[in-house]
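What follows is each chain in one-letter form.
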Amino acid sequence: MNLMNVDYNGLIPNNVDLNADVRVQKALEKWHPGYIDWWNDMGPEGFQQSLVYLRTAVSVDPKGWAKFDYVKMPEYKWGILLAPQVEDRKISFGAHRGEKAWQEVPGEYRAMLRRLIVIQGDTEPASVEQQRYLGKTAPSLYDLRNLFQVNVEEGRHLWAMVYLLQKYFGADGREEAEALLARRSGDPDTPRMLGAFNEQTPDWLSFFMFTFFTDRDGKMQLEALAQSGFDPLSRTTRFMLTEEAHHMFVGETGIGRIVERTCEAMKANGIDDPNDIAAVRRLGVIDLPTIQKKANLLFSLTLDLFGNEISTNAANAFHAGIKGRFREDKLDDDHRLESGTYPVLRLVDGKIVNEDVPALSALNMRLRDDFVADCNGGVGRWNRVIEKFNVPFQIGLPHVAFHRHIGEFSKVKADTDGNALSDEAWVKRRAEFLPSDSDRDFIESLMKPETEPGRFASWIAPPKVGIDNKQGNFEYVKIA
Ligand code: BYC
């Protein structure tokens, strides 16, 4: 079989020659009905019969891997796609650097690998669950379609991890695959594994911030796993990254379009002060300070997903050759990190200080730093939109100590500049930094669906170009 092209004949499209692997094929076919039940119960509510103009991966060739067509979401071709195998690939970091990449799970690292794959897998259905009601308030058919594209691809990413579990982890892999369908975002008894994936995504401002920040954690973590010495994990995550880029595009351009619409409305109505929130809100657009507060919330929740700044789990995974650094293959050092240090922000006697710690234990911090740098690129592009309208406001990222629940700063309350606050001061000033009930009520009041092709809600500008180069009034979703 040509590994670049996908076999569409069976129940499960794939480029892993599933037909020749009866045990795994049977296991996946057994898992499939439970997945469809989960999708119908927990996927986008109210649109399962609608025809959605979606892209589906039909190849893993970077030049032309997707085709666009109308499809009902439960009939989407969720397939198993791995990037082509690199011949004679070597492990590029850790104690096994230079050895041949593993095609089977190395026994001594089995538990570690399984845990990382399960955590990665758990985030994918979690995000679909978090976003399941958003279709009812979409600001346009274009945005509705983008939401569903993100959702079906998160579904496919769950398949990707389940394939690895079923193929390489035997009976316990099967159990984990079942458990991935059983946990529920936000459920107090069976929550999803990581904090941010149990939060709500109640409105479209949150959705765009989630895809900008939290999907970007997905990108960073997938980039680190793409370096893995366990070759099937590397190949799987490499292809997932191809799809992930669109998710962050949705977030970045979504916020960019909201900012544009706000500035445009302010200028058209002679409002120069971005902090005159009441006047701006009367125009039916979202004021920039509220956008900043949502960014503060989603950025801080997402930072928690990088784990503790100093982590033996991360050190062990790197040493083992299982999880590398962002762009490990482009870094110029010994790739073993047994000596050397990395600067980590720590809390010492109530003060935030920079301390050099052994590089191997600071890998979560390092990935988080790479993440922050990546975020800053997008934030800069939002600010250029604001500058274009001469509005005196800049969106910024809060200090990493702000509003944290994991790691060094989980024990302190800090403002967005990183100054420690007493509990009392925090309670008093919380609404300066994070969306208040009245901010949420205001945003909710704007969340009215716009289902006319080519039309957009009052608070968001149209995109510069359509998906698949479609014209402005293209009917991206035929609502049934
Ligand atoms: N919430 O040594 P530490 C995505 C636990 S997003 C709850 O610092 P480590 C996507 C930790 O599990 C990317 N618990 O942790 C985005 C450990 O517990 P145990 C998802 C947390 O392992 C949008 C203990 O604290 N992929 O793809 O170095 C839409 C000690 O922690 C949290 C991955 O995350 C938390 N936030 O780092 C759709 C990659 N943080 O085991 C999809 C796989 C830490 O001692 N995961 N803990 O009981 C990993 O690489 C690591 O597990 C983590 C944590 C980076 C998450």
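Residues numbered from 1 in each chain as written. Predicted model: local features only at pLDDT ≥ 70, side-chain atom pairs only at ≥ 80, totals over all residues. Heavy atoms only, no water.

**Student:** Please explain the sheet that holds strand E1 (residues 51–57) as it appears in this structure.
**Tutor:** Sheet architecture is open: three strands sit in the order E2-E1-E7, paired in antiparallel fashion. The sheet terminates laterally at strand E2 (66–72) and strand E7 (477–478), the two strands that pair on one side only. Most of the contacts of helix H3 (residues 141–168) go to E1, to which it runs at about 45°, and overall it touches E1, E2 and E7. (Pairing = 2+ DSSP bridges. Helix = DSSP H or I, 4+ residues; strand = E, 2+ residues; numbered from the N terminus. Contact = heavy atoms within 4.5 Å. Axes fitted to C-alpha atoms, helices over the stretch in contact; angles between N-to-C directions.)

**Student:** Sorry, what's going on with the site of the ligand here?
**Tutor:** The environment of the ligand is made up of 28 residues, and the closest members are Gln120, Asn308, Ser311, Lys323 and Asn364. Arg115 is positioned with one of its side-chain polar atoms (N or O) 3.0 Å from an oxygen atom of the ligand. Contact distances for the ligand include 3.2 Å between an oxygen atom and a side-chain N or O atom of Asn313. Because more than half of its atoms lie within 2 Å of the grid, the ligand is assigned to the largest pocket. Only helix H2 (110–130), helix H5 (204–226) and helix H9 (312–319) provide two or more residues apiece to the shell around the ligand. The element contributing the most residues to the shell around the ligand is H2, with seven residues. Taken together, the residues of the shell around the ligand sort by class into nine nonpolar, 12 polar and seven charged. (Near = heavy atom within 4 Å. Polar contact = N/O pair within 3.5 Å; in protein donor to acceptor, adjacent residues only side chain to side chain. 1 Å grid on protein atoms, 1.4 Å probe; cavity = no way out; pocket = protein on both sides within 12 Å on 5 of 7 lines; lining within 4 Å. Sits in = over half its atoms within 2 Å of the grid points. Nonpolar A, V, L, I, M, F, W, Y, C, P; charged D, E, K, R; others polar.)

**Student:** Explain the layout of surface pockets to me, please; I cannot follow it from the model alone.
**Tutor:** By rolling a water-sized probe across the atoms, one finds the places where empty space is left. Of the volumes computed, that of the largest pocket is approximately 770 Å³. In terms of lining residues, the largest pocket is bounded by 37 residues, among which Ile119, Leu194, Gln221, Leu305 and Gly307 are the most central. Secondary structure elements with two or more residues in the lining of the largest pocket: H2, H5 and H9. Taken together, the residues of the lining of the largest pocket sort by class into 14 nonpolar, 14 polar and nine charged. (Points joined across faces, edges and corners; volume = space filled by probe spheres on them.)

**Student:** Looking at this structure, I do not really get the pattern of salt bridges. What am I missing?
**Tutor:** By the definition in use, this model includes 34 salt bridges. A salt bridge links Glu153 to Arg55, with the nearest nitrogen and oxygen atoms 2.7 Å apart. You can see Glu153 sitting in helix H3 and its partner Arg55 sitting in strand E1, a full 98 residues away along the chain. Neither Glu153 nor Arg55 differs from the other in exposure class; each is buried. The closest approach of N and O atoms between Arg110 and Asp172, which form a salt bridge, is 2.9 Å. With Arg110 in helix H2 and Asp172 in helix H4 (residues 170–182), this residue pair connects regions lying 62 residues apart in the sequence. (Salt bridge = Lys/Arg side-chain N within 4 Å of Asp/Glu carboxyl O. Buried < 20%, exposed > 50% of the residue type's maximum accessible area, 1.4 Å probe, protein only.)

**Student:** For this particular structure, what's the right way to read the side chain of Asn151?
**Tutor:** By the element assignment, Asn151 lies in helix H3. Every residue in contact with Asn151, bar those within four places of it in the chain, is listed here: Trp39, Pro44, Val128 and Gln131.

**Student:** Help me understand empty space enclosed by the protein in this model?
**Tutor:** Tallying each qualifying case throughout the model produces four cavities of 30 Å³ or more. In this structure, the largest cavity encloses a volume near 70 Å³. Forming the boundary of the largest cavity are Ala224, Ala314, Phe318, Lys323, Gly324, Arg325, Leu363, Asn364 and Leu367. For the lining of the largest cavity, the element with the most residues is helix H10 (residues 363–388), which contributes three residues. Tallied by class, residues from the lining of the largest cavity come to five nonpolar, two polar and two charged. Approximately 50 Å³ is the volume attributed to the second largest cavity. Split by residue class, the lining of the second largest cavity holds three nonpolar, four polar and two charged.

**Student:** Just checking my understanding: could you explain the nonpolar core for this structure?
**Tutor:** Soluble globular proteins tend to bury their nonpolar side chains together. Counting residues in hydrophobic clusters, the biggest one holds 133 residues, and the most contacted among them are Tyr35 and Ile291. Top element by residues in this core is H3. It accounts for 16 residues. Look past the residues within four positions of Ile291 in its chain and what remains in contact with it is Leu205, Met209, Ile255, Ile258, Val259, Thr262, Ile286 and Ile395. (Core = buried A, V, L, I, M, F, W, Y, C linked by side-chain atoms within 4.5 Å.)

**Student:** Explain the packing of aromatic side chains to me, please; I cannot follow it from the model alone.
**Tutor:** How two aromatic rings sit relative to each other is given by the distance of their centres and the angle of their planes. In total, this model carries 31 aromatic pairs according to the counting rule given. In textbook terms, an aromatic cluster arises when at least three aromatic residues are bridged by ring pairs, as seen for Trp31, Tyr35, Trp38, Trp39, Tyr76, Trp78 and Trp159. Lying across the ring of Tyr168, Lys167 places its NZ or CZ 5.6 Å from the centre. The ring of Phe212 carries the charged tip of Arg216 above its face, separated from the ring centre by 4.4 Å. (Phe/Tyr/Trp six-rings, centres within 6.5 Å; stacked < 30°, edge-to-face > 60°. Lys NZ or Arg CZ within 6 Å of the ring centre and 35° of its normal.)

**Student:** Looking at this model, I keep getting lost on unusual backbone geometry. Mind explaining?
**Tutor:** The phi angle of most residues is negative, glycine excepted, and most peptide bonds adopt the trans form. In this structure, His403 takes a positive phi of about 55° despite not being glycine. As for its position among the elements, His403 is in the loop between H10 and strand E5 (413–414). With a relative accessible area of 11%, His403 lands in the buried category. One non-glycine residue, Asn469, adopts positive backbone phi at about 55°. As for its position among the elements, Asn469 is in the loop between helix H12 (437–446) and E7.

**Student:** Would you mind going over the packing of helix H1 (residues 22–42) against H4 with me for this structure?
**Tutor:** The packing of two helices is summarised by the inter-axis angle and the distance between the axes. Across the interface, H1 lies against H4 with an axial gap of 10 Å and an inter-helix angle of 15°. The orientation of H1 with respect to H4, classified from their angle, is roughly parallel. Classified by chirality, the crossing of H4 by H1 is right-handed. Facing Arg23, Trp31, Gly34, Tyr35 and Trp38 of H1, the residues of H4 in contact are Arg174, Ala177, Glu178 and Leu181. Classifying every residue of the contact of H1 with H4 gives five nonpolar, one polar and three charged. (Parallel < 35°, antiparallel > 145°, perpendicular 65-115°, else oblique. Left-handed = near helix turned anticlockwise from the far one by under 90°.)

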